[in-house]
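# Structural overview
Listed below, chain by chain, are the residues.
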Amino acid sequence: MALFFSLTTRIGIAIEIGIASDYHENDQNSLIVEGIFKSASAGILIYMAIVDLLAADFMHPRMQGNGKLQLGANISLLLGAELMSVLAIWA
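In short, a report on the structure.

Cut-offs applied
- Along each chain, residue indices are assigned from 1 in the same order as the chain's sequence is written.
- For this predicted model, a pLDDT threshold of at least 70 governs which residues receive local features, and a threshold of 80 or more governs which side-chain atom pairs are given and counted, while totals over whole chains, interfaces and linings are taken from all residues.
- No hydrogens and no water enter the side-chain calculation; it runs on all heavy atoms of the structure.
- Going along the chain from the N terminus, every DSSP run of H or I of four or more residues is numbered as a helix, and every run of E of two or more is numbered as a strand.
- Only the C-alpha atoms count toward the radius of gyration. The rule for a globule is 2.2 Å times the residue count to the power 0.38.
- For the exposure calls, accessible area comes from a 1.4 Å probe over protein chains only, and a residue counts as buried if that area is under 20% of its type's maximum, exposed if over 50%, partly exposed in between.
- Note that accessible areas follow from Shrake-Rupley with a 1.4 Å probe, and for residues the cover is restricted to the protein chains shown.
- The sign given to each residue is positive for Lys and Arg and negative for Asp and Glu; His and the chain ends receive no count.
- Each charge is placed at NZ for Lys, CZ for Arg, CG for Asp and CD for Glu.
- Expected helix span is taken as 1.5 Å per residue step, with the number of steps being one fewer than the number of residues.
- Residues adjacent in sequence count toward polar contacts only when both atoms are side-chain atoms; beyond that, a polar contact is any pair of N or O atoms within 3.5 Å, and within protein one must be able to donate a hydrogen and the other to accept it.
- The patches reported here contain residues having more than 30% relative accessible area and no salt bridge. Joining distances are 9 Å for like charges and 5 Å for nonpolar side chains (Val, Leu, Ile, Met, Phe, Trp, Tyr).
- A side-chain nitrogen of Lys or Arg and a carboxyl oxygen of Asp or Glu constitute a salt bridge if their distance falls within 4 Å.
- Grid points spaced at 1 Å over the protein atoms alone were grouped into cavities, where a 1.4 Å probe fits but cannot get out, and pockets, open sets with protein on both sides within 12 Å along at least five of seven lines, with lining residues defined by an atom within 4 Å of a point.
- Grid points are joined across faces, edges and corners, and a volume is the space filled by probe spheres set on the points.

On a plain count of helices and strands, the chain comes out with 4 helices and 0 strands. Sequence-ordered secondary structure for the chain, helices as α and strands as β, is α-α-α-α. In terms of overall dimensions, the chain is more spread out than a globule: its C-alpha atoms have a radius of gyration of 19 Å, far above the 12 Å expected for 91 residues. By principal-axis analysis of the C-alpha atoms, the chain measures approximately 60 × 35 × 15 Å. Here the chain holds 91 residues, and 3% of them are scored as buried. Carbon and sulfur atoms make up 71% of the accessible area of the chain, which amounts to about 8100 Å² in all. Put simply, the chain has 4 plus and 8 minus side-chain charges, and the middle of one group is 19 Å from the middle of the other.

So, in C-alpha cells, the structure goes:
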C-alpha cells in the first residue's frame, strides 16, 4: 500500500506539472473534472469510514447484546454526520 501511494503521488504531481499551463480554473471542463474527483474521493472516504472503521465497532458482541448501547451508538453516528454536514456549509 505504501508503494502504491508513493507511486500514485508522484504520477499525480507529474500530471499536474504537465497540464499546469493549459489549466483554466473557471473553465467548464475543469470544474466538471474537479467535481468528479472530489466526489470520488468523498465516496472512498465514506466507504472506508463505514465499512472498515464502524463495522468492527457495531459488530462487537458487547454492542450486539445491548439494545440501549446500539441505540446510543446509532444516534451518535447520525448526530455526528449531521454536525459534519452543517460544518460543510462553511468549508
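Here the narrative resumes.
Across its 22 residues, helix 4 (residues 67-88) extends 32 Å between first and last C-alpha, which sits within 8% of the 32 Å expected from 1.5 Å per residue. Regarding helix 4, its N-cap is N66, as a side-chain oxygen of that residue lies 3.2 Å from the backbone nitrogen of K68 further along.

Taken together, L3, L7, I11, I15, I19 and Y23 make up a surface patch of nonpolar side chains, about 600 Å² in accessible area. Among the secondary structure elements, L3 is positioned in helix 1 (residues 2-19).

Roughly 190 Å³ of volume is contained in the largest pocket. As for the largest pocket, its lining consists of I15, E16, I19, A20, Y23, S30, V33 and F37. Mapped by element, the contributors of at least two residues to the lining of the largest pocket are helix 1 and helix 2 (28-58).

Relative to the elements of secondary structure, N66 occurs in the loop between helix 3 (61-64) and helix 4. At 3.2 Å, the side chain of N66 forms a polar contact with the backbone nitrogen of K68.

Glancing now at the pattern of salt bridges. Enumeration according to the criterion identifies 1 salt bridge in this entry. Residues E34 and K38 are paired through a salt bridge, measuring 3.1 Å at the closest nitrogen-oxygen approach. Here K38 and E34 lie together in helix 2, a separation of 4 residues that amounts to about one turn. The class of E34 is partly exposed, set by a relative accessible area of 30%.

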